[in-house]
Every structure is written in structure tokens, then in C-alpha cells.
Amino acid sequence: MKKAKRKIIIISVSVAAALALLFGACAIYFGDYYRADEQAIAAFAHINEVSFRTLNDGSIVFEPENASVGFIFYPGGKVENDAYKPLMASLAKEGVLCVLVEMPFNLAVFDINAADGIKEQYPSVKDWYIGGHSLGGSMAASYLESHASDYKGLVLLGSYSTSDLSGTSLEVISVYGSEDKVLNREKYDKNKSNLPSGFTEVVIDGGCHAYFGTYGAQDGDGTPTISNAEQISLTVESIVKMMRS
């Protein structure tokens, strides 16, 4: 009996220790993410020229007056959503209502359906697009697999779709930087067939993976030859051109 009890105690302690290590590892992993660079964000003066508000769920909405086009944006993996404020503010300045979603643990894979219910809150907005950066873009594309008829198009920034959207009528734009070393080009090229024929591809000369947001350098990325502001400006120009066409 004593041996049995001792065995049970040893097993219980071992399990508890393993769970503690697991929870500790998860806490470290989820707590290690790219934070928004507040100084870089402050350099974009036009952020304060556009009205925006933070919702109870952490999402940030940029609301230009009389917007007829809406855009739901999923942040990149392990990137704080605040880092995309300059990109969203720049689009809002062009008349696009933008909803910058906050993801659980900064990972869109944990809430692919984050876009649910957003469109219904803005009945005056006629055309809706969805998209995101890196992992966020891929998850937005996955969301469209069962919601394609509800949206006019998809925006992929340093990203690709693993979901087959080739048979849809979606307008799609794929933007990446020439110096992007994070984007897996082999998978990117392989998954082009998942997009509708005639999709728009834009390569930003001198751009990198991280410069769609403002969170500093990203591990494994290439060295950009243009500024953060220039990449965001060129990205906005390309997106707006598609939306207006």
C-alpha cells in the first residue's frame, strides 16, 4: 500500500511539474510578440486627422465621413494590432472605413471568424473588403472560403491564401516587398493558383515584411531600402487603386 501511494504521489508531482512547465512555456511564447512602435506611429501626423475609436473587444475603427467602402484587417502573427494604425489611418484618409481587429494572443489563427458581425454594424457601407498581413492575410483568406459572397475583395500583404478562392468573383490584390525574407516565396508561388485569375500582384521595390506595420525590424527579414512611411504610402496607393477600379 505504501509503495502504491508513493507511486501515485510521484506520478502526481511529475504531472503537475509537466503542466507547470507547459503553462510557463505558453506564457513565454504568447508574451513574446512585436509591440507597436509608438514613436514611429506618432510620426504619421495624419493619424490624428482621421476619427478613430477603440471598441470593447480591442478592435480599432477608423471612421471617415460618408464612407461607402469598408475594410476589415487581420494583423500579422504575434504583432500588436496598434502597429497597423498608420496603414489604417492612411486608408481612412482616402475614405475607407477600416476595422483593425485585435486577435487573441496576437494570433489570427485563434479567431478566424473575427469578422463576423462587423459588416452589420455599418449598414451604410456598400462594398466590403477583408485582408491582413502575413498570417493575418492567410486567415482572412480562410474566412472568405465560406463568406466569399459577402465581400467584394481580398487584400494580402506579405501573405498568401491556402484556401481555394479561384472560383470566386473576388477582387484580389497581393502586395509584398522585394526585400521580404520572411514570406516563404516557394509557398507563395505554389498558392497563387488559389486566387482568382487576373488577381493583382504588386511588388514594392525596396520594401520588407515588417514595414506594412510599425513595429520595428522582424527576425529573419531583409534590409529595406525605403522608409517605413514610403512602404505604407505605396501600399495604400495600390489598395485604393483596386478598390476604386
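Structure: above.
Residues numbered from 1 in each chain as written. Predicted model: local features only at pLDDT ≥ 70, side-chain atom pairs only at ≥ 80, totals over all residues. Heavy atoms only, no water.

Caption draft 1: View of the nonpolar core. Judged by nonpolar contacts, the single largest core of 40 residues is most densely connected at Phe62, Phe71, Phe73, Met88, Leu91, Leu157 and Met243. Elements that contribute at least two residues to this core include exactly β2 (60-62), β3 (69-74), α3 (85-93), β4 (96-100), β6 (153-157), β7 (171-177), β8 (200-204) and α6 (228-244). With six residues, the top contributor of residues to this core is α6. In terms of nonpolar packing, the next biggest core, distinct from the first, is built from 29 residues, Ile72, Leu97, Val101 and Ala141 among them. (Core = buried A, V, L, I, M, F, W, Y, C linked by side-chain atoms within 4.5 Å. Buried < 20%, exposed > 50% of the residue type's maximum accessible area, 1.4 Å probe, protein only. Helix = DSSP H or I, 4+ residues; strand = E, 2+ residues; numbered from the N terminus.)

Caption draft 2: Spatial organisation of the pattern of salt bridges. Evaluated as defined, the whole model comprises six salt bridges. When the shortest N-O distance is used, the salt bridge between Asp189 and Lys192 registers 3.7 Å. Here the salt bridges share partners, and the residues they tie into one network are Asp189, Lys192 and Glu201. (Salt bridge = Lys/Arg side-chain N within 4 Å of Asp/Glu carboxyl O.)

Caption draft 3: Up close: the sheet that holds β6. Taken in spatial order, the eight strands of this open sheet run β1-β2-β4-β3-β5-β6-β7-β8, and their pairing is mixed. Bordering the open sheet on either side are β1 (52-54) and β8, each of which pairs with just one other strand. The sheet shows a mean angle of 15° between the axes of neighbouring strands, direction not considered. Where strand β5 (residues 127-133) lies against β6, five bridges are found, and the strand directions are parallel. Considered in β6, the bridge of His133 is made with Leu157. The strands that α3 touches are β1, β2, β3, β4 and β6; relative to β4, the one it contacts most, it runs at about 160°. (Pairing = 2+ DSSP bridges. Axes fitted to C-alpha atoms, helices over the stretch in contact; angles between N-to-C directions. Contact = heavy atoms within 4.5 Å.)

Caption draft 4: A look at the side chain of Asp221. With respect to the helices, strands and loops of the structure, Asp221 is situated in the loop between β8 and α6. From its side chain, Asp221 meets the backbone nitrogen of Ala210 in a polar contact 3.0 Å long. With near-sequence residues (within four places) excluded, Asp221 lies in contact with Glu179, Asp180, Lys181, Val182, Cys208, His209 and Ala210. (Polar contact = N/O pair within 3.5 Å; in protein donor to acceptor, adjacent residues only side chain to side chain.)

Caption draft 5: Region of interest: α6. Spanning 17 residues, α6 covers 24 Å between terminal C-alpha atoms, matching the ideal 24 Å at 1.5 Å per step. Among the residues making up α6, those that are buried are Asn228, Gln231, Ile232, Thr235, Val236, Ser238, Ile239, Val240, Met242 and Met243. (Expected span 1.5 Å × (residues − 1).)

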